[in-house]
Amino acid sequence: MEEERHSQQQQQQQQQKPQSLALEDCLKLLRGERDEQRLAGLLLVTKVCEKDDHDSIRRVYDAVGVRFLDRLLRTGMGTGNVTGGSNDNDDVYLQLSVSILAAFCRVPQIAAADEMVAKIPLILQIMEKQSSSNVLEECFEILLLVSMSHKDGVTAFLESGGLKVLASHLRSMTDGSQNFELSIRLLQLICVKISPDIAVKEYLTELSIMVSSIAQKFAALQNAIKFELLHILSVVLSWHQLGPLGDALRAMSNDEWSTCIQAGIMDILQSRVAADQKLQALVVAQSMVSILGEGWLIGQVNLHDARSSIPSDRCLLLILELSRVEVAILLNDLGYLKYGASSSMIGEISQKQAKLSIAFYLLEKIIKLISEVGEDEGNVISEGSITKVILGLNETSGVVLEYLNDAKDHGQRKGDDLLASVRFVGSYLAETPLAWKEKVEELLGYMLSVEGEHEPSPFLSICFLLPMLYQITRKTEGSKVLASSGGYKAVVGCLVELFSPSHYTDVENGSESLACDTIISLLLMREQIHLKLDESAFVPLLSAFAFWAEKAGDTPLILMASSICCLVFEFTSEESLLGYPGFDYTTLNALSRLIVRSLNTTIRLDTHDATDASPHLHEIITRGFALWADRFPRIRKAVDGLI
């Protein structure tokens, strides 16, 4: 046995000797003074050195020198001249120089050299003019290896127009080719290394073209590469939040890219794939809806293949079902982690909360889409699908309400998952205010108290529930529910925030009028529902209205604010109000000017109501003045002056 091993070693040594001698001959040629010698040496290199023989390749690199290789590259491109070369051999020189350069770059230390980064513009120029698959493959390999090894590799690639070149080749690449796989790896590297801000600011046009190219491949491929493209799309499309990328994608004249992404997502959601991959498909869907609106969820897939016969609402139904499943699973997991596990699970809780927000976002957009179906005569959603959507949303809202009830029982009022749950419930109840009636009545006070993890108050939760509160308080029973839960105080507090100088700016337009209408309805039904109001809860609101109105223009909210003031004045007096800290004659005088202004205005309301409500509000103000004028001498004096 020992003799056999010794014999094998001798054979290897004998084989290495001629190879070593050949390498030395090659190195002598490369160190020669004439270009002909160096060319001969490079040709010999391809036969002598193995791809993984980094030591030999390093010796060749040191011998040939960067300048000669650069000249050879340029000669191959037709812009340089190697002594002894001929224009007829340009393609040969190009193939040789690119092959040698690719071999050098397989040695990490060489790929990380500044000289290799400097070659990136040349390589991209070659790629713009070349169609040879062998040359292109090695060019892609060079770009990838240098970008991986040098800290400025990706930057050099981008600054040299690399994305545009890559996108132009990506469309025509054969699926499964080495070129294609190298391109995907290069894109993945770019997604990791580039700053989103820089990407959107400096390479907006290139990114748009790239998304379109990737989308076509994403729809066409039915192999593992599809999931790598899915990941790239999830990263790049998320950059739309920076603004310009979304605008650029919406402006693309060819909307086939969006249809391709829809088709690719449907492929994944209909397949037996890992849960993480399906969730990533939801991430891409979230970005698409954010960019193009919820209408993207429906529409015929026109890709000239079997998918063109798929019903136009299939994507909607697939995303609905997966989002519903995710919500149910994630809420169950969060319930266990928060109430049944140790505090060491905080990181896992945050991850699940982030996933939950994606599913909720899509469900809320589906709610909005379905609510608008009746207004669109040419809608492409079948009645059967609408029924499925409504039943599914109703079932999920029940699951979410149970989760909120569980949180209430555990004394939990703060958390991003709770805030997202309230937002979803608010979106659903805005369209179906009588759904889960008993459960909503039981939880209303709690939901109005929920805060986000980093929110200082339940302001956002209240805003999310305002559309539902506006609708239910138009009837006596709904006003009773809000009054008995003490929720009216939360709405009043929300109004104080909305009308303060530093109120939140990320609330959807209309929150102010919804909150005002809710309180107006409640105050008008005060006697019918036997509500004894807490005067002190309204004092901050009166002050907020007074100082807001001083700077406000002729907005419909002037009449709403004045109406609330008049309704509050019915159960208090000037003397009583002046007894509260912070409420003084300055505030009272400002309120006087607000009342006078509302009586002397022709403002029309342009709110969520189909009819103009200004006559009704004017009636509240004038009728109220007759009831409380004697208790507010300063306001009466101001009004008398108007008359």
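Our subject is the structure that appears above.
The text that follows walks through the structure, step by step, so that each part is easy to find. Just so it is clear, the structure is predicted and the values come from calculations on it, not from any experiment.

## Comments concerning the overall build of the chain
Each helix and strand counted, the chain has 33 helices and zero strands in total. Within the chain, the fraction of its 643 residues that count as buried is 52%. Expressed as a percentage of contacts within the chain between residues at least 6 apart in sequence, the contacts between residues at least 24 apart total 75%. Here the chain displays about 30,200 Å² of accessible surface, and carbon together with sulfur accounts for 49% of that area.

## Some points on the packing of aromatic side chains
Overall, the coordinates contain ten aromatic pairs when judged by the stated rule. On the numbers, 5.0 Å between centres and 85° between planes, the contact of F499 with F545 is edge-to-face. Separated by 46 residues along the polypeptide, F499 in the loop between helix 26 (487-498) and helix 27 (511-524) and F545 in helix 28 (residues 535-549) bring together distant segments of the chain. When the ring of F625 is compared with that of W628, the centres are 5.4 Å apart and the planes differ by 85°; the resulting orientation is edge-to-face. In this pair, F625 and W628 are both assigned in helix 32 (residues 614-628), three residues apart and thus about one turn of the helix distant. Assessed through its relative accessible area of 0%, W628 is described here as buried. Connected via pairs of aromatic rings, a cluster forms that spans F569, F625, W628 and F632. Seen from the ring of F180, K217 lies directly overhead, with NZ or CZ sitting 5.5 Å from the centre. Residue placement shows K226 over the ring face of F218; its charged tip is 5.2 Å from the ring centre.

## A short note on the environment of G415
Inspection of the secondary structure puts G415 in the loop between helix 21 (383-409) and helix 22 (416-431). A C-alpha to C-alpha distance of 9.9 Å links G415 and S350, two positions 65 residues apart in sequence. In this structure, G415 is in contact with E451, G452 and E453, ignoring residues within four places of it in sequence.

## Structural notes on the environment of I214
Inspection of the secondary structure puts I214 in helix 14 (residues 204-220). C-alpha of I214 to C-alpha of C260: the two residues are 46 residues apart in sequence and 9.2 Å apart in space. With near-sequence residues (within four places) excluded, I214 lies in contact with L170, L187, L229, I232 and L233.

## With respect to the packing of helix 28 against helix 31 (residues 585-599)
The contact between helix 28 and helix 31 brings their axes to 8 Å, and the two run at 65°. Taken together, the axes of helix 28 and helix 31 are roughly perpendicular relative to one another. Every pair of crossing elements has a handedness; the one defined by helix 28 and helix 31 is left-handed. Of the residues in helix 31, those touching helix 28 at L542, S543, F545, A546, F547 and A549 are T586, T587, A590, L591, L594 and R597. Looking at the contact of helix 28 with helix 31 residue by residue, the classes come out as eight nonpolar, three polar and one charged.

## A few points about the layout of surface pockets
The calculated volume of the second largest pocket comes to roughly 310 Å³. When residues of the lining of the second largest pocket are traced back to their parent elements, those giving at least two are helix 23 (437-447), helix 24 (459-472) and helix 25 (476-484). Ranked by residues supplied to the lining of the second largest pocket, first place goes to helix 23 with four residues. Looking at the lining of the second largest pocket residue by residue, the classes come out as seven nonpolar, two polar and four charged.

## A closer look at the pattern of salt bridges
Following the criterion strictly, the structure yields 23 salt bridges and no others. Note that K226 and D267 form a salt bridge whose closest N and O atoms lie 3.1 Å from each other. Of this pair, K226 sits in helix 15 (residues 225-238) while D267 sits in helix 17 (residues 256-269); the two residues are 41 residues apart in sequence, bridging distant segments of the chain. You can call K226 buried: its relative accessible area is 3%. Since its relative accessible area comes to 12%, D267 is described here as buried. Taking the shortest distance from any N to any O, the salt bridge between R623 and E570 comes out at 3.6 Å. Of this pair, R623 sits in helix 32 while E570 sits in the loop between helix 29 (556-569) and helix 30 (574-577), placing them 53 residues apart in sequence. Through salt bridges with shared partners, a single ionic network connects D70, R74 and K119.

## Considerations on empty space enclosed by the protein
Inspection of every chain in the model, using the stated rule, returns one cavity of 30 Å³ or more. Lining the largest cavity, in full, are L163, L187, I190, C191, I194, A199, L207, M210, I214, I232, V236 and W239. Mapped by element, the contributors of at least two residues to the lining of the largest cavity are helix 12 (178-193), helix 14 and helix 15.

Definitions and cut-offs
Residues numbered from 1 in each chain as written. Predicted model: local features only at pLDDT ≥ 70, side-chain atom pairs only at ≥ 80, totals over all residues. Heavy atoms only, no water. Helix = DSSP H or I, 4+ residues; strand = E, 2+ residues; numbered from the N terminus. Buried < 20%, exposed > 50% of the residue type's maximum accessible area, 1.4 Å probe, protein only. Contact = heavy atoms within 4.5 Å. Areas by Shrake-Rupley, 256 points an atom, 1.4 Å probe, with all protein chains shown as cover. Phe/Tyr/Trp six-rings, centres within 6.5 Å; stacked < 30°, edge-to-face > 60°. Lys NZ or Arg CZ within 6 Å of the ring centre and 35° of its normal. Axes fitted to C-alpha atoms, helices over the stretch in contact; angles between N-to-C directions. Parallel < 35°, antiparallel > 145°, perpendicular 65-115°, else oblique. Left-handed = near helix turned anticlockwise from the far one by under 90°. Nonpolar A, V, L, I, M, F, W, Y, C, P; charged D, E, K, R; others polar. 1 Å grid on protein atoms, 1.4 Å probe; cavity = no way out; pocket = protein on both sides within 12 Å on 5 of 7 lines; lining within 4 Å. Points joined across faces, edges and corners; volume = space filled by probe spheres on them. Salt bridge = Lys/Arg side-chain N within 4 Å of Asp/Glu carboxyl O.

Interpretation in functional terms is not warranted from these geometric data alone.
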